[in-house]
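# Observations on chain architecture
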Amino acid sequence: MAEKSMEVDMVNRDPNQINAHVKVAFEDVLAEADAVRSGDCVWRNSKKCFEGGKKICYLILTYICGLPAALCWGCAFAELAFHEIWCITPCFKFCEIKMTSIKRFIACYYDTCLGPHCSTMGLFFSRIVVKQG
């Protein structure tokens, strides 16, 4: 199995666009109608406050919570992989093998008990002719 590169792309941090919905800009959140407007100074500085506050708050949160969150998510996905590999897949394989015997039994039952009845009913109903008059 080829190992993936452990280097992180520092420019494009969302290459698969999994968080494209989180790209929130000032214009996506705040807007003033033509009938109600604040002063230009307030509007201009509101944008700066919004963008600056969002950036600083995000940086603080990532410094405090980023590494522990990454560790927790790594453990969660490791547990998920362990569960799938060591529990779910063997369980499905067990059921698949077990169901093969049951499938053979049901097929035998259908062939011996229901097959003749279905053939008889097929012959019976095949002789019905519908005429439109």
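Check the entry above for the structure.
Predicted model only: the values in this text are computed from it and were never measured.

## Quick notes on the environment of Lys47
Mapped onto the elements of the fold, Lys47 is located in helix H2 (residues 40-126). Relative accessible area serves as the criterion here: at 34%, Lys47 is assigned to the partly exposed category. Between the C-alpha atoms of Lys47 and Ile64, which are 17 residues apart in sequence, the distance is 26 Å. Beyond its immediate sequence surroundings of up to four residues, Lys47 is in contact with Phe26 and Glu27.

## A short note on the layout of surface pockets
Rolled over the atoms, a probe with the dimensions of a water molecule shows which regions are left empty. Approximately 1100 Å³ is the volume found for the largest pocket. Along the wall of the largest pocket there are 19 residues; nearest its centre are Arg13, Asp14, Asn19, Tyr58 and Thr62. In terms of residue class, the lining of the largest pocket is made up of 9 nonpolar, 5 polar and 5 charged. What the second largest pocket holds in volume is close to 160 Å³.

## Describing the side chain of Asp14
Position of Asp14 among the secondary structure elements: in the segment before helix H1 (26-29). No salt bridge is formed by the buried Asp14; its nearest oppositely charged neighbour, Lys23, is found at 5.8 Å. There is a polar contact of 2.9 Å between the side chain of Asp14 and the backbone nitrogen of Asn19. Once you skip the residues sitting within four places of it in the chain, Asp14 turns out to touch Asn19 and Ala20.

What counts and what doesn't
- Residues numbered from 1 in each chain as written.
- Predicted model: local features only at pLDDT ≥ 70, side-chain atom pairs only at ≥ 80, totals over all residues.
- Heavy atoms only, no water.
- Helix = DSSP H or I, 4+ residues; strand = E, 2+ residues; numbered from the N terminus.
- Buried < 20%, exposed > 50% of the residue type's maximum accessible area, 1.4 Å probe, protein only.
- Contact = heavy atoms within 4.5 Å.
- 1 Å grid on protein atoms, 1.4 Å probe; cavity = no way out; pocket = protein on both sides within 12 Å on 5 of 7 lines; lining within 4 Å.
- Points joined across faces, edges and corners; volume = space filled by probe spheres on them.
- Nonpolar A, V, L, I, M, F, W, Y, C, P; charged D, E, K, R; others polar.
- Lys, Arg positive; Asp, Glu negative; His and termini not counted.
- Salt bridge = Lys/Arg side-chain N within 4 Å of Asp/Glu carboxyl O.
- Polar contact = N/O pair within 3.5 Å; in protein donor to acceptor, adjacent residues only side chain to side chain.

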